[in-house]
Amino acid sequence: VVTTAGFSASAHDPALFIHLSPRGRTLLLLYVDDMVITGDDPEYIAFVKARLSEQFLMSDLGPLRYFLGIEVSSTSDGFFISQEKYIQDLLARAALSDERTVETPMELNVHLRATDGDPLPDPTRYRHLVGSLVYLAVTRPDISYPVHILSQFVSAPTSVHYSHLLRVLRYLRGTISHRLFFPSSSSLQLQAYADATWASDPSDRRSLSAYCVFLGGSLIAWKTKKQLAVPRSSAEAELRAMALLTAEVTWLRWLLQDFGVSVTTPTMLLSDSTGAISIARDPVKHELTKHIGVDAFYVRAAVQDQVVALQYVPSELQLADFLTKAQTRAQHGFYLSKLSVVPPP
C-alpha cells in the first residue's frame, strides 16, 4: 500500500520510505504497525493518511509525542526525547526496597568477572531488567557503558552483578526526567568521536570500542562494543574503534542524503590516539601493522574518498571516553552537558 501510494524504499534503511514531488519530500518510518510520517508536503501527507485509512484500521495520533516508548516534546529551542514513563514502569517492576539514589551509574575501577559472587537462584529477574535497560539506552547514553558490562553476564548472573544492576536503577531513579536535547539551531554537519580502552576486560583481555556521532550539536548515534579479537597494542584497539565508527558515519551520510541533506564535505573523525591516526594515514604497510591491515585500509580508503577526515583531540575532550569506563561525579556531569543529556526545561 505504501509503495502504490508513491513511496520508494530507502536503500539504506528498510523501514524508511521516501516520496519526492515538486512540492517537497515526505518521509515515512515504519515499525510493524506503528509509523511516523513527516515532510514538507502537507498535501501529500494528508493524501497518504487517507489512503492508509482506507486499507487499514488506523488511528491518527496527531503531532509526534510518543513512539515505541520514546516520548518527544518540543520548545522554541528544539526537541527533547526521553523514556521517563518507561523508567517509571521499570522501577515499579524492579520493586527496589529503598528510596536511595546515586549520582553515577557505576563505581570507579570496577572490573566484573563471571566468577564474582554467588550464582542467583533464579536469573530471570536479572535478565528481564538488563533487557529493559538495553532498550532504555536508546535515549540514555549515560548508561551505555554499565549496561554493556551487565549484559555480558545474563547467562549466569551472580549476586555481585545484581548489586551493580541495582546501582544503575538507583541512578535512573535520581535522573528519571533526564532527556536528550536536539537544538533547533543545530547545523547539519556530522562530527564523530572514536575511543577504545585497551585490554580492558580482565577475563579475556579484549578491548572496548566506543563512538558517538553528532549532527551539529545533537547527539544522534553512539555505541559501546567489545572488540572481537585481542589487540596487541593500544593503537590497534583505537584503530579498530575508528574502523567501526567509519562504517557508522558512512551509513549516516547515506541516510542524510535520503533526507535531502547535502553531504559534500568529509566528516570530522576525532581520536586521541596519534598512533592510530598515523597508521590510518600511512600507505606503507609495516611489519608491525600488517595484521590490522583490513581496518587500516578501510579507514584510509574513507579518508581518500573524503568520507571522513582524521583529527587529533586531547583525551580530556574525547567525548567517546564517557562510553568506555566509569567516571567521577565531576567527569560524569561534564560529559552529560557535552552530550546534551539534560533535565527538562
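Residues numbered from 1 in each chain as written. Predicted model: local features only at pLDDT ≥ 70, side-chain atom pairs only at ≥ 80, totals over all residues. Heavy atoms only, no water.

UniProt records the feature "domain: Reverse transcriptase Ty1/copia-type" (unreviewed entry) at residues 5–107, using the numbering of this structure. Secondary structure within residues 5–107 divides into 24% helix and 34% strand; the distance between the first and last C-alpha atoms comes to 53 Å. (UniProt positions renumbered as here; feature names shortened; annotations may be inferred. Helix = DSSP H or I, 4+ residues; strand = E, 2+ residues; numbered from the N terminus.)

A few words on the sheet that holds strand S6 (residues 70–75). What the five strands build is an open sheet, ordered S5-S6-S7-S8-S14; its pairing is antiparallel. Sheet topology places strand S5 (66–67) and strand S14 (341–342) at the edges, where each strand pairs with a single neighbour. Summarising the sheet, S6 and strand S7 (residues 78–82) pair through five bridges and their orientation is antiparallel. Across the sheet, the residue bridging to Glu71 is Ser82, located in S7. (Pairing = 2+ DSSP bridges.)

Our next topic: unusual backbone geometry. The phi angle at Ala95 is positive, at roughly 50°, despite the residue not being glycine. Assessed through its relative accessible area of 53%, Ala95 is described here as exposed. Even without being a glycine, Ser340 presents a positive backbone phi close to 60°. Position of Ser340 relative to the elements: it lies in the loop between helix H9 (329–338) and S14. Looking at Ser340, the relative accessible area reads 12%, which means it is buried. (Buried < 20%, exposed > 50% of the residue type's maximum accessible area, 1.4 Å probe, protein only.)

This part takes up the sheet that holds strand S9 (residues 190–197). A sheet is described by the order of its strands in space; here five strands give the open sequence S11-S10-S9-S12-S13, paired in mixed fashion. Both outer strands of the open sheet, strand S11 (218–226) and strand S13 (308–312), are each paired with one neighbouring strand and no more. Averaged over all pairs of adjacent strands, the angle between their axes in this sheet comes to 20°, without regard to strand direction. Where S9 and strand S12 (residues 267–271) come together, three bridges link them in parallel fashion. Bridge pairing in S12 links Tyr193 to Leu270. (Axes fitted to C-alpha atoms, helices over the stretch in contact; angles between N-to-C directions.)

One pass over the structure, following the stated rule, counts 16 salt bridges. Linking Asp60 and Lys49 is a salt bridge whose minimum nitrogen-to-oxygen distance equals 2.9 Å. Here Lys49 lies in helix H1 (residues 42–55) and Asp60 lies in the loop between H1 and S5, a separation of 11 residues in the sequence. The class of Asp60 is exposed, set by a relative accessible area of 52%. Lys49 gets classed as partly exposed once you look at its relative accessible area, which sits at 28%. Among the ionic pairs, Lys226 bridges to Asp204, the shortest N-O distance being 3.3 Å. Note that Lys226 is positioned in strand S11 and Asp204 in the loop between S9 and strand S10 (208–215), a separation of 22 residues in sequence. You can call Asp204 partly exposed: its relative accessible area is 28%. Residues joined in a network through salt bridges with shared partners are Asp98, Arg100, Arg170 and Arg173. (Salt bridge = Lys/Arg side-chain N within 4 Å of Asp/Glu carboxyl O.)

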